[in-house]
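# Observations on the model geometry
For reference, the chains in residue letters:
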Amino acid sequence: VAADGVVRAERSHLEELRLLAFMEGVPEAIQADDRDRLLSLFEALAVNNKIEFISAIDTQGREVVSLTLDLTSGEAVYYFGADYSAIGPVARVLNGDRDDLGDKFTGFLETSRGRYLISAAPVRDDEGNPLGALLVGTRLGTLLSEIKLQALADVAVFGPDGELWRSEERRVGQEGRSRWSADR
């Protein structure tokens, strides 16, 4: 059930990436490094579709602009200029890699706003030339909460080095009622 939750998140990311990649003005704004245009397009989409992370990356792996959205408060925070070229899914997209499932890749990204499950897809011009990459993501805490509700079990995610990244577990309070908590 937990693996199905991750697959559902990846499918949702792919739908969002398709929407972004073919949205009028996005490829051109990435090519022109037009941060303001991208922000106006990203913010409306993020709020309406509850997307917690959207990023546009140029062909060198430099962040044109990223948006993180806090679904609870509605606060959007913008970033630009970071080097994403060494982030696994981004590097694979920028290198033009393909696997049995295509040219989109998924992995984890750690930011100042937390860890995210991200999916990356290439962005191309009308002639098929690469313009960069688009990323969408779900906060790890949001993902685990959704998986926990469906699995009806405690869920934890560990990093590649075995470090606990996040857990969602059921705890019984003093009154005997259940309450949910998130570590880290």
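Note: the structure precedes this text.
Residues numbered from 1 in each chain as written. Predicted model: local features only at pLDDT ≥ 70, side-chain atom pairs only at ≥ 80, totals over all residues. Heavy atoms only, no water.

This paragraph deals with the nonpolar core. Where a protein is soluble and globular, its nonpolar side chains tend to be buried together. Core analysis: the largest hydrophobic core is formed by 25 residues, its most contacted members being Leu38, Phe42 and Leu134. Those elements that provide at least two residues to this core are α1 (2-21), α2 (26-31), α3 (35-49), β1 (53-58), β2 (63-69), β5 (114-124) and β6 (130-139). With six residues, α3 is the single largest residue contributor to this core. When sequence neighbours within four positions are dropped, the list of residues in contact with Leu38 reads Val26, Ala29, Ile30, Ala56, Val64 and Val65. (Core = buried A, V, L, I, M, F, W, Y, C linked by side-chain atoms within 4.5 Å. Buried < 20%, exposed > 50% of the residue type's maximum accessible area, 1.4 Å probe, protein only. Helix = DSSP H or I, 4+ residues; strand = E, 2+ residues; numbered from the N terminus. Contact = heavy atoms within 4.5 Å.)

A few words now on the packing of aromatic side chains. Scanning the model with the defined rule gives one aromatic pair in all. Ring plane angle 40 degrees and centroid distance 5.3 Å describe the contact between Phe53 and Tyr116, whose orientation is recorded as tilted. Of this pair, Phe53 sits in strand β1 while Tyr116 is found in strand β5, placing the two residues 63 residues apart along the sequence. Classification of Phe53 by relative accessible area gives buried; the value is 1%. (Phe/Tyr/Trp six-rings, centres within 6.5 Å; stacked < 30°, edge-to-face > 60°.)

As for its position among the elements, Glu63 is in strand β2. A polar side-chain atom of Glu63 sits 2.5 Å from a polar atom in the side chain of Ser66. A polar atom in the side chain of Glu63 sits 3.2 Å from the side chain of Tyr84. Leaving out residues up to four positions away in the same chain, Glu63 has contacts with Ser55, Ala56, Ile57, Tyr79, Phe80, Gly81, Ala82 and Tyr84. (Polar contact = N/O pair within 3.5 Å; in protein donor to acceptor, adjacent residues only side chain to side chain.)

What follows deals with the layout of surface pockets. Estimates place the volume of the largest pocket at around 370 Å³. For the largest pocket, the lining is made up of 20 residues, of which Ala21, Phe22, Pro27, Val123 and Arg124 are closest to its centre. Put simply, the parts of the chain that give the lining of the largest pocket at least two residues each are α1, α2 and β5. Among the elements that line the lining of the largest pocket, the one with the most residues is β5, at four residues. In this model, the second largest pocket occupies a volume close to 310 Å³. For the second largest pocket, the lining is made up of twelve residues, of which Glu10, Leu14, Leu101, Lys104 and Thr106 are closest to its centre. The dominant element in the lining of the second largest pocket, judged by the number of residues it contributes, is α1, at five residues. Here the residues of the lining of the second largest pocket are counted per class, giving four nonpolar, three polar and five charged. (1 Å grid on protein atoms, 1.4 Å probe; cavity = no way out; pocket = protein on both sides within 12 Å on 5 of 7 lines; lining within 4 Å. Points joined across faces, edges and corners; volume = space filled by probe spheres on them. Nonpolar A, V, L, I, M, F, W, Y, C, P; charged D, E, K, R; others polar.)

Turning our eyes to something else, we now look at the side chain of Thr138. Within the element layout of this structure, Thr138 appears in strand β6. Not counting residues within four places of it along the chain, the set of residues in contact with Thr138 comprises His13, Glu52, Arg115, Tyr116, Leu117 and Leu143.

A separate point is α3. Taking 1.5 Å per residue as the helical rise, α3 with its 15 residues ought to reach 21 Å, and the 21 Å between its terminal C-alpha atoms agrees with that figure. Restricting attention to buried positions, one finds in α3 the residues Leu38, Leu39, Leu41, Phe42, Leu45 and Ala46. Phi turns positive one or two residues past the end of α3, at Lys50, with a value near 55 degrees. (Expected span 1.5 Å × (residues − 1).)

Moving on to the sheet that holds strand β4 (residues 105-111). The strand order β3-β2-β1-β6-β5-β4 describes an open sheet built from six strands, whose pairing is antiparallel. Either end of the sheet is taken by a strand with one partner, and the two such strands are β3 (76-79) and β4. The average undirected angle you get between the axes of adjacent strands in this sheet is 25 degrees. Relative to β2, α3 is tilted by about 25 degrees, and along the sheet it contacts β1, β2, β3 and β6. (Pairing = 2+ DSSP bridges. Axes fitted to C-alpha atoms, helices over the stretch in contact; angles between N-to-C directions.)

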